[in-house]
Amino acid sequence: MAQAGATLQNYNNDLVRCIEELREKREDLNRSVAQDEEEKAKIQNDLRILTERLARINDNLARKVASRNEYDKTIQETEAAYSKIMESSQTLLHVLKRESVNLTKKRQASS
């Protein structure tokens, strides 16, 4: 009977030791889970900050591109108007030269 009691006590000791080992492994895993959750929270926060920053940059970029397009339009319109002024000036110069030649011929003819 003493032998059976000793064997039972050995089983009990082994069982207690196995349970403690399982608890230690569980606690190690729990610490690892906590670290991963902390890292996940940090990454999510970083992602939120970067997403907000990206949205602000996209808004600024859209405004700047719109302004640049307005500059392009104004420059194009101004260049077109300047080109028309140059054409008109050239035409006016030709007309003025022709009229000057005609006036000179009339004056010479009348003299």
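Here the structure is a predicted model, which means the values were calculated and not measured.

What counts and what doesn't
- Residues numbered from 1 in each chain as written.
- Predicted model: local features only at pLDDT ≥ 70, side-chain atom pairs only at ≥ 80, totals over all residues.
- Heavy atoms only, no water.
- Helix = DSSP H or I, 4+ residues; strand = E, 2+ residues; numbered from the N terminus.
- Rg over C-alpha atoms; globule rule 2.2 N^0.38 Å.
- Lys, Arg positive; Asp, Glu negative; His and termini not counted.
- Charge placed at Lys NZ, Arg CZ, Asp CG, Glu CD.
- Salt bridge = Lys/Arg side-chain N within 4 Å of Asp/Glu carboxyl O.
- Buried < 20%, exposed > 50% of the residue type's maximum accessible area, 1.4 Å probe, protein only.
- Patch = residues over 30% accessible without salt bridge, like charges linked within 9 Å, V, L, I, M, F, W, Y side chains within 5 Å.
- Areas by Shrake-Rupley, 256 points an atom, 1.4 Å probe, with all protein chains shown as cover.

**Some remarks on the overall build of the protein**
Next, step 1: Summing up its helical and strand segments, the protein has one helix and zero strands in all.
Next, step 2: Over its C-alpha trace the protein gives a radius of gyration of 47 Å, far above what one expects of a compact globule, namely 13 Å for 111 residues.
Next, step 3: Dimensions of the protein along its principal axes, counting C-alpha atoms only, are 160 × 15 × 10 Å.
Next, step 4: Looking at the protein, you have 20 positive and 19 negative side-chain charges, and the mean spots of the two groups are 18 Å apart.

**Some words on the pattern of salt bridges**
Next, step 1: For the structure shown, the criterion picks out seven salt bridges.
Next, step 2: Among the ionic pairs, Arg23 bridges to Glu20, the shortest N-O distance being 3.7 Å. Residue Arg23 and its partner Glu20 are located together in helix α1 (residues 2-110), separated by three residues, close to a single helical turn.
Next, step 3: We note a salt bridge from Asp46 to Lys42, for which the minimum N-O separation is 2.9 Å. Pair noted here: Asp46 and Lys42 are both in helix α1, with a separation of four residues, about one helical turn.
Next, step 4: According to the relative accessible area criterion, Asp46 is partly exposed, its value standing at 31%.
Next, step 5: One network of salt bridges, in which partners are shared, links Asp14, Arg17 and Glu21.

**Observations concerning a negative patch on the surface**
Next, step 1: Residues Asp36, Glu37, Glu38 and Glu39 make up a contiguous surface patch of negative charge.
Next, step 2: With respect to the helices, strands and loops of the structure, Glu38 is situated in helix α1.
Next, step 3: For Glu38, a relative accessible area of 60% translates into the label exposed.

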